[in-house]
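So you can see what is in the structure, the chains are spelled out below.
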Amino acid sequence: MNITATVPSERRAPMIETGAWNDMIITDYLDQAVSSSADAPALIAYRVNQNVRRAFSYAELDHVVRRIAAGLAALGVSKGAVVSCQLPNWWEMTALHLACVRIGAVLNPLMPIFREHELRFMLGYAQSRVLVIPQSFRGFDYAAMVDGLRGELPALEHVLVIDSDDESRSFQRVLLDRAWEEETDTQALFADRKPHGDDVVQLLYTSGTTGQPKGVLHTSNTLFSNIRPYAERLHLGSDDIMFMASPLAHQTGFLYGLMMPIYLKSPSVLQDVWDPTFAVKVAKAERPTFTMASTPFLADLIEIAPQHSEELSSLRIFVSAGAPIPGALVERAAAAIQAKIVSAWGMTENGAVTMTRPEDEPERAINSDGVAVPHMAVRVVDENGEDVPRGTEGNLLVRGASLFVGYLKRPDLYDVDEDGWFPTGDLARMDAQGYIRITGRTKDVVIRGGENVPVVEIENLLYKHPAISAVALVGCPDDRLGERLCAYVTLHDGHQSLSLQEAVSFLTEQRLTRNYLPEYLEVLPELPRTPSGKIQKFKLREQAKGISLPAAKPA
């Protein structure tokens, strides 16, 4: 299957006119970097468990990319064909995306944590022609897993395995050891295959907070219309060094760890396994100035930061997204590291849509998820689609240049209205200055006795408890009140237990009304999360269905 998409002229024309889209693709930016900064560092990749560092200049990266691109074309990868990869943050992933763009193929990154169930659906649904995997990562044999699936994936013609001893499918032997670029006229090949700015270059499945994933389709125009204003808002340039430990197979890592550095002609520093102690070692060696990650990464880093202030002193910007940052965490971060904490909100379908500004007061990152980036807009509306008053909770809609162009094979799910507004599924409030605060998901609402419980606000209060490292509140069914509030928490090291009464007493001290107090608390070793770090509340809601609580007191 070759993926194509049609961008309506009524959407394209204003995007071109305003400069939001410029039809440039990532290999255009790579060519510029090679022309102006051939010997400059482009990519530095660390494998944590092997303690290995691999570095490329822009000229070296371009050489490898051209070879891989010519090799993929020789293997039969056509324009619009899907090349899937299930890779950690290894240099091969960056090179593979660039190579796919050289020949007009579509890269489909898959998270390394996925197993047979997810791969069977994702590879089959996309009809992937090529899959690139590790032989082994974190002790798991990927090659053996895929071998067990091959019979169910008739479209999958080639499986290339990094670090394999089998020469017939070794990524190194098949694509890198052979000078493919000398066996064909690559200049003509790449010119003929060069994608337009509106051609699909990325297929990325949603991370699955609610069920079966959807295949999100992005073009160079939609992706770069997010990257450019993102970099501008953060005042990032070629002198900055990007550190990325968030997975490249997630939109955060892909946009801001793989693509943005090439646009800026700056180095990207990759870490394949999240280990805060190793991250400190990398920071000391590479002196990164920027990173972006979900809240757990920030929490882990600031836990050890006081002992490593010098090693982390180069870090200027830490963008945290994936869930609202608990205020207590921002306050701890401000005391532990010098970096400015920037809060952001976005989706696989859009990239980062709202962000605070580095020049904002710290309270902005505590109390909001930012204001819309240029070329994007947000609205908060009621159930009838009418704007609600500022400060009132409602459904969050988004519109603009970086909005994706559709879901793979599911045009019925592309719920964009005639004015271009896309329903995000999030609940939010907007203040007088246009800053939004995500207050939950439309399906995360807990209604106790007919009253909406402000879940996010209560979670933020609980984050201030010295024992709690993470918390998620969900509703459990109740015959009388409809739902009652249940808390699932994980604890900081050194804390062995936390009772419901202790949590209730703490919230009572924070002057929280009695009707908003949780009525059940369970300590878990870890909360279920998506690969990007978002808590999967649908799993906790299923778990909460089995809770038996005493009869409720009058609301």
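Residues numbered from 1 in each chain as written. Predicted model: local features only at pLDDT ≥ 70, side-chain atom pairs only at ≥ 80, totals over all residues. Heavy atoms only, no water.

Novice: What am I meant to see in the sheet that holds strand E26 (residues 482–491) here?
Specialist: The strands making up a sheet are joined through hydrogen bonds of the backbone, oriented either antiparallel or parallel. Ordered in space as E25-E26-E27, the three strands form an open sheet in which the pairing is mixed. The open sheet has two edge strands with one neighbour each: strand E25 (468–478) and strand E27 (520–523). Pairwise comparison of adjacent strand axes, ignoring direction, gives a mean angle of 25° for this sheet. Helix H15 (residues 455–463) contacts E25 and E26 of the sheet and is inclined by roughly 140° relative to E25. (Pairing = 2+ DSSP bridges. Helix = DSSP H or I, 4+ residues; strand = E, 2+ residues; numbered from the N terminus. Axes fitted to C-alpha atoms, helices over the stretch in contact; angles between N-to-C directions. Contact = heavy atoms within 4.5 Å.)

Novice: Any chance you could explain a negative patch on the surface here in plain terms?
Specialist: A contiguous patch of negative charge, built from Asp415, Asp417, Glu418 and Asp419, is present on the exposed surface. By the secondary structure assignment, aspartate 417 is in the loop between strand E20 (406–407) and strand E21 (422–430). (Patch = residues over 30% accessible without salt bridge, like charges linked within 9 Å, V, L, I, M, F, W, Y side chains within 5 Å. Areas by Shrake-Rupley, 256 points an atom, 1.4 Å probe, with all protein chains shown as cover. Salt bridge = Lys/Arg side-chain N within 4 Å of Asp/Glu carboxyl O. Lys, Arg positive; Asp, Glu negative; His and termini not counted. Charge placed at Lys NZ, Arg CZ, Asp CG, Glu CD.)

Novice: I keep staring at the packing of aromatic side chains and nothing clicks. Help me out?
Specialist: In this structure the tally under the stated criterion is 16 aromatic pairs. Their ring planes at 20° and their centres at 5.0 Å tell us that phenylalanine 121 and tyrosine 125 sit as a pair that is stacked. With phenylalanine 121 and tyrosine 125 both in helix H5 (residues 116–126), this residue pair falls four residues apart, about one helical turn. The class of phenylalanine 121 is partly exposed, set by a relative accessible area of 23%. Centroid distance phenylalanine 121 to tyrosine 205: 6.2 Å. Interplanar angle 55°. Geometry classified as tilted. On the criterion of sequence distance, the pair formed by phenylalanine 121 in helix H5 and tyrosine 205 in strand E9 (residues 200–205) is long-range, its members being 84 residues apart. Classification of tyrosine 205 by relative accessible area gives buried; the value is 7%. Each residue in the set Phe404, Tyr407, Tyr414 and Phe422 is aromatic and connected to the rest through ring pairs, giving one cluster. Stacked on the ring of tryptophan 90, the Lys or Arg arginine 47 has its end atom at 3.6 Å from the ring centre. When the ring centre of tyrosine 125 is taken as origin, the NZ or CZ atom of lysine 409, which lies over that ring, is 4.8 Å away. (Phe/Tyr/Trp six-rings, centres within 6.5 Å; stacked < 30°, edge-to-face > 60°. Buried < 20%, exposed > 50% of the residue type's maximum accessible area, 1.4 Å probe, protein only. Lys NZ or Arg CZ within 6 Å of the ring centre and 35° of its normal.)

Novice: Would you take a moment to explain the side chain of threonine 252 for this structure?
Specialist: Within the fold, threonine 252 resides in helix H10 (residues 251–264). Sequence-distant contacts of threonine 252, that is, excluding residues within four places in its chain, are made with Met244, Ser246, Gly257 and Met292.

Novice: Got a minute to help me understand the sheet that holds strand E22 (residues 436–441) in this structure?
Specialist: If you walk across this open sheet you meet the four strands as E18-E19-E21-E22, and the pairing is antiparallel. Edge positions in the sheet fall to strand E18 (376–381) and E22, since each of these pairs with one other strand and no more. Between one strand axis and the next, the sheet turns by 45° as a mean value, whatever way the strands run. Sheet analysis places E21 next to E22, joined by five bridges and oriented antiparallel. Looking at E22, one finds that alanine 428 is bridged to isoleucine 438. Sheet contacts for H15: E21 and E22; angle to E22, the most-contacted strand, approximately 100°.

Novice: What's the story with helix H11 (residues 276–286) in this structure? I'm lost.
Specialist: Helical geometry: 3.6 residues make up each α-helical turn, so side chains three or four residues apart lie on a common side. Among the residues of H11, those classed as buried are Pro276, Phe278, Ala279, Val280, Val282, Ala283 and Glu286. Among the structural elements, strand E1 (41–47), strand E2 (52–57), strand E11 (242–244), strand E12 (268–271) and helix H12 (295–304) are those in contact with the buried residues of H11. Where H11 starts, the residue carrying a side-chain oxygen 2.9 Å from the main-chain nitrogen of threonine 277 turns out to be aspartate 275. Looking at the residues trailing H11, positive phi occurs at arginine 287, about 55°. (Polar contact = N/O pair within 3.5 Å; in protein donor to acceptor, adjacent residues only side chain to side chain.)

Novice: What should I look at first to understand the packing of H15 against helix H16 (residues 500–509) in this one?
Specialist: Relative placement of two packed helices is described by the angle separating their axes and the distance separating the axes. Here H15 crosses H16 at 105°, and the two axes come no closer than 10 Å. Here H15 lies roughly perpendicular to H16, going by the angle between them. Between H15 and H16, the residues in contact are Ile458, Leu461 and Leu462 and Ala503, Phe506 and Leu507, respectively. Within the contact of H15 with H16, the residues separate by chemical class into six nonpolar, no polar and no charged. (Parallel < 35°, antiparallel > 145°, perpendicular 65-115°, else oblique. Nonpolar A, V, L, I, M, F, W, Y, C, P; charged D, E, K, R; others polar.)

Novice: What am I meant to see in the pairing of strand E3 (residues 82–85) here?
Specialist: A regular strand places its side chains so that they alternate between the two faces of the sheet. By the alternation rule, side chains of E3 split into Val82 and Ser84 and Val83 and Cys85, which are all buried. Taken together, the four bridges between E3 and strand E4 (residues 106–109) define a ladder with parallel strand orientation. Looking at the pairing, cysteine 85 lines up with proline 109 of E4. Read from E3 through helix H4 (residues 91–102) to E4, the crossover connection turns out right-handed. With three bridges joining them, E3 and strand E5 (residues 130–134) adopt parallel strand pairing. From the neighbouring strand, valine 83 faces E5, where its bridge partner is valine 130. (Right-handed = clockwise from strand over helix to strand, strands pointing away.)

Novice: How should the pattern of salt bridges be read in this particular structure?
Specialist: If charged atoms from side chains of opposite charge come close, those side chains can pair. According to the stated counting rule, one finds 26 salt bridges in the structure shown. Residue arginine 53 is joined to glutamate 286 by a salt bridge in which the shortest nitrogen-to-oxygen separation is 2.8 Å. Placement of the pair is arginine 53 in strand E2 and glutamate 286 in helix H11, with a sequence separation of 233 residues. Judged by its relative accessible area of 46%, arginine 53 falls in the partly exposed class. In this structure glutamate 286 comes out as buried when scored by relative accessible area, which is 11%. Across the salt bridge formed by arginine 379 and aspartate 387, the nearest N and O atoms sit 2.8 Å from each other. Members of the salt-bridge network, linked through shared partners, are Asp31, Asp62, Arg66 and Arg102.

Novice: Even after reading the chapter, I still don't get the nonpolar core, so can you show me in this structure?
Specialist: General note: in soluble globular proteins, nonpolar side chains tend to be found buried as a group. Of all hydrophobic cores here, the largest spans 164 residues; its most connected members are Ile68, Leu72, Tyr230, Met260 and Phe290. If we ignore the near neighbours within four places in the chain, the residues touching phenylalanine 290 are Tyr230, Leu234, Leu236, Ile241, Met242, Phe243, Met244, Tyr256, Met260, Leu315, Ile317 and Val319. Ile468, Val474, Ala503 and Ile547 belong to the second-largest nonpolar core, a separate cluster that totals 35 residues. (Core = buried A, V, L, I, M, F, W, Y, C linked by side-chain atoms within 4.5 Å.)

Novice: What's the story with unusual backbone geometry in this structure? I'm lost.
Specialist: It is generally the case that most residues other than glycine have a negative phi and that most peptide bonds are trans. In the Ramachandran plot, aspartate 23 falls in the positive-phi region, its phi being about 65° despite a non-glycine side chain. Mapping aspartate 23 onto the fold places it in the loop between helix H1 (9–18) and helix H2 (26–37). Owing to a relative accessible area of 25%, aspartate 23 belongs among the partly exposed residues under this scheme. In this model, histidine 235 sits at a positive phi of 60°, which is unusual for a non-glycine residue. Relative to the elements of secondary structure, histidine 235 occurs in the loop between helix H9 (220–233) and E11. Relative accessible area serves as the criterion here: at 47%, histidine 235 is assigned to the partly exposed category.

Novice: Looking at this structure, I do not really get the state of the cysteines. What am I missing?
Specialist: As used here, a disulfide is simply a covalent bond connecting the sulfur atoms of two cysteines. One pass over the full model with this rule turns up zero disulfides. With no disulfide partner, cysteine 85 has as its closest neighbouring cysteine sulfur the one in cysteine 100, 7.8 Å distant. (Disulfide = S-S within 2.5 Å.)

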